[in-house]
Amino acid sequence: MLALVDCDSFFVSCQVVFNPKLRSKPVIVLSGNDGCVVSRSKEAKALGIPMGIAAFKVKDLIKKHRIYTFSSNFPLYGDMSQRVMAILLDAAPRVSIYSIDEAFLDLSTIPKEDLKSLASELREKIYKWTGISVTIGVAPTKTLAKVATNKAKKNSNLKGVHIFYTKNDIYKALCDFPVEEIWGVGRESARFLKYYGIDTAHQFSTAPEKWLRKNLKIFGLKTQKELQGVPSINFTQTYAPKKQIIRSRSFKNQITEFEALSEALASFVVRAAFKLREQGSVTSKISVYIRTSKYSASHLRYYNSAEKKLLSPINDTAFLIKEARECLKIIFKTGYGYKKAGVVLSDIVPEHSRQMDIFRTYEPETSKSLLNAIDNINNTMGARTIQYGAEGLNRKSLYRSAKKSGLYTTSWEELLRVS
DNA sequence: TCTGGGGTCCTAGGACCC
DNA sequence: TCTGGGGTCCTAGGACCC
């Protein structure tokens with residue numbers, strides 16, 4: 001058996017921990033640039049705020065019901081996530097952290113009769129130690145644990161824990177579980193399945209194997225096995241290094257100047273390269289993209305990207321900034337108002353297995369101590385204590401973030417004051 | 001006026017080899 | 001008229017996740 005532990009309305013919960021008077025009130029958290037609604041309290045859901053909707057579209061609803069609104073605050077969520085995960089890592093021999101607010105726990109060594117108390121106690125402990133409430137689903141496979149969690153969230157009588165003990169438990173649950181809510185069945189597959197009369201998870205689990213393999217490919221087949229109780233999705237490593245690192249942002253106002261865009265890209269590179277070094281990796285491909293608004297008139301729309309392959313994989317910020325600038329030169333066109341830009345590092349490999357460049361156009365050792373020094377200073381004295389000139393100095397923020405709460409757990413200046 | 005920011009896995013098809 | 005049979009590697013882009 002394995003458990004899925006899923007934090008309830010995670011971003012909202014993080015805000016409420018440090019602002020307890022918001023408990024039982026409608027609260028939402030917005031995406032970057034205050035664009036979309038990405039987390040909602042139970043009360044906000046009940047008022048009809050859909051997931052992912054553009055914030056301006058529900059402005060009236062927010063005003064009318066006095067819904068408390070926060071800009072996203074990722075340093076806070078990341079830190080709260082680590083606290084929850086630390087408890088989970090201690091609770092089971094193997095833990096697979098799946099996202100910022102979810103993890104799978106291997107419970108195969110736990111006797112069946114102990115599962116219920118273990119899950120309930122874990123749930124209480126997490127709430128007591130972090131203030132975050134979680135829902136736990138226990139089942140023989142990841143996909144079924146997802147179903148169990150889903151059921152628990154919809155039925156408050158279950159008190160946040162749902163366990164599939166028997167085949168019959170599973171059968172009953174799958175019969176009234178909509179096919180489009182299965183983990184791994186997205187919009188495309190759901191439309192296809194429904195066209196052929198497959199509406200429930202149970203129907204999916206009994207569909208002909210060959211037909212499924214042909215149309216939904218290998219992942220469709222794996223999902224079917226999972227629903228039948230046969231584990232088919234790997235239990236991945238807890239701290240697997242990223243294979244791709246993206247840093248991107250939407251801008252508050254359109255950017256029209258090359259230099260301004262170049263500075264924004266440089267700041268993305270700085271953060272991406274820091275992440276790269278943090279996980280002990282080097283990259284051999286950098287790509288850059290810029291885009292106008294997706295919603296503007298078609299003749300004002302422009303999207304383009306460019307990439308550079310690096311002869312020798314590296315993690316040197318200054319080098320990558322130069323490469324990003326070269327990419328921008330290729331794709332930048334005047335006359336457009338750019339709304340978003342991003343940097344992608346890919347073809348990432350561990351630093352110790354780096355393939356050297358026979359022509360030695362770049363010698364990584366020379367900058368290693370410099371990079372270490374910069375990282376150490378920024379780690380101990382705060383991010384951006386030392387910056388690169390290419391990021392631009394004293395610039396005004398390019399991003400909208402009007403309702404950001406304090407960095408209660410990661411900045412000495414912003415600790416919560418209690419009186 | 002205003003529409004997020006990360007990720008992963010899989011497949012088809014091209015380029016290439018003998 | 002008819003034009004082999006067996007492979008590998010790489011990449012772009014789709015589908016999906018939170």
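Everything quoted here is computed from the prediction, not taken from an experiment. (Residues numbered from 1 in each chain as written. Chains lettered and ligands numbered in written order. Predicted model: local features only at pLDDT ≥ 70, side-chain atom pairs only at ≥ 80, totals over all residues. Heavy atoms only, no water.)

1. Observations regarding the protein's contact with DNA strand B
Lining the immediate environment of DNA strand B, one finds 24 residues, of which Ser31, Lys243, Ile246, Ser248 and Ser250 sit closest. Near the protein, within 4 Å, the atoms of DNA strand B are sugar or phosphate in 72% of cases. One of the backbone N or O atoms of isoleucine 218 is found 3.5 Å from a phosphate oxygen in DNA strand B. At 2.7 Å, a backbone N or O of serine 250 approaches a phosphate oxygen of DNA strand B. Put simply, the parts of the chain that give the surface near DNA strand B at least two residues each are helix H10 (209-227), strand E9 (245-255) and strand E12 (338-350). Within the surface near DNA strand B, the residues separate by chemical class into eight nonpolar, six polar and 10 charged. (Near = heavy atom within 4 Å. Polar contact = N/O pair within 3.5 Å; in protein donor to acceptor, adjacent residues only side chain to side chain. Helix = DSSP H or I, 4+ residues; strand = E, 2+ residues; numbered from the N terminus. Nonpolar A, V, L, I, M, F, W, Y, C, P; charged D, E, K, R; others polar.)

2. Points about the sheet that holds strand E4 (residues 68-70)
One open sheet holds the three strands; their spatial order is E3-E2-E4, and the pairing between them is mixed. Both outer strands of the open sheet, strand E3 (37-40) and E4, are each paired with one neighbouring strand and no more. When the angles between neighbouring strand axes are averaged without regard to direction, this sheet yields 25°. Bridge analysis of strand E2 (residues 27-30) against E4 gives three bridges, and the strand direction is parallel. Bridge pairing in E4 links isoleucine 28 to threonine 69. (Pairing = 2+ DSSP bridges. Axes fitted to C-alpha atoms, helices over the stretch in contact; angles between N-to-C directions.)

3. Details of helix H7 (residues 167-175)
Three or more residues of H7 are buried, namely Ile170, Ala173 and Leu174. Angularly, the buried residues of H7 cover 95° about the axis, an arc narrow enough to put them on a single face. On its buried face, H7 is in contact with helix H6 (142-154), helix H9 (201-205) and H10. (Buried < 20%, exposed > 50% of the residue type's maximum accessible area, 1.4 Å probe, protein only. Arc of directions from axis to C-beta. Contact = heavy atoms within 4.5 Å.)

4. Some points on the environment of valine 58
Structurally, valine 58 is set in the loop between helix H2 (42-46) and helix H3 (59-64). Judged by its relative accessible area of 4%, valine 58 falls in the buried class. Between the C-alpha atom of valine 58 and that of glycine 48, which follows or precedes it by 10 residues, the distance is 9.4 Å. The residues touching valine 58, leaving out its near neighbours within four places in the chain, are Val37, Ile49, Pro50 and Ile53.

5. With respect to the sheet that holds strand E11 (residues 303-314)
As summarised here, the arrangement of the four strands in space is E9-E12-E10-E11, forming an open sheet in which the pairing is antiparallel. Across the chains shown, the open sheet's two edge strands, defined by having one partner strand only, are E9 and E11. For this sheet the average axis-to-axis angle between neighbouring strands, irrespective of direction, equals 15°. In this structure, E9 lies alongside E12, joined through seven bridges in antiparallel fashion. Within the sheet, the bridge partner assigned to isoleucine 255 lies in E12 and is tyrosine 338. On top of the sheet, helix H11 (residues 258-278) reaches E9, strand E10 (281-291), E11 and E12; it is set at about 155° to E9, its chief contact. Where helix H12 (residues 317-331) meets the sheet, it contacts E10 and E11, and its direction lies at approximately 150° from that of E11.

6. Things to note about the domain arrangement of chain A
For chain A, the assigned domains read domain 1 (2-7 + 74-227) and domain 2 (245-417). Centre-to-centre, using C-alpha coordinates, domain 1 lies 35 Å away from domain 2. If you look at the interface, domain 1 gives five residues, while domain 2 gives five residues. Summing the contributions of domain 1 and of domain 2, the shared interface buries around 390 Å²; its carbon and sulfur component is 69%. It is Pro75, Leu76 and Asp79 that lose the most area in domain 1 upon contact with domain 2, and together they represent 85% of the buried surface on that side. The interface formed by domain 1 and domain 2 holds one residue pair in polar contact (both at pLDDT 80 or more) in total. Here the residues of the side of domain 1 that touches domain 2 sort into three nonpolar, no polar and two charged. (Domains from an automatic or database assignment. Buried area = accessible area lost by both parts, 1.4 Å probe.)

7. Observations concerning the protein's contact with DNA strand C
Taken together, 14 residues lie near DNA strand C, and Asp101, Lys146, Gly184, Ser189 and Lys309 sit nearest. Considering DNA strand C, the proportion of its atoms within 4 Å of the protein that are sugar or phosphate atoms stands at 100%. In the model, a sugar or linking oxygen of DNA strand C is placed 3.1 Å from a nitrogen or oxygen of the glutamate 102 side chain. Between glutamate 188 and DNA strand C, the recorded distance is 3.0 Å, taken from a backbone N or O atom to a phosphate oxygen. Among the elements of the structure, strand E5 (95-99) and helix H8 (187-195) are those that each provide at least two residues to the surface near DNA strand C. No other element matches H8, which puts three residues into the surface near DNA strand C. Split by residue class, the surface near DNA strand C holds four nonpolar, four polar and six charged.

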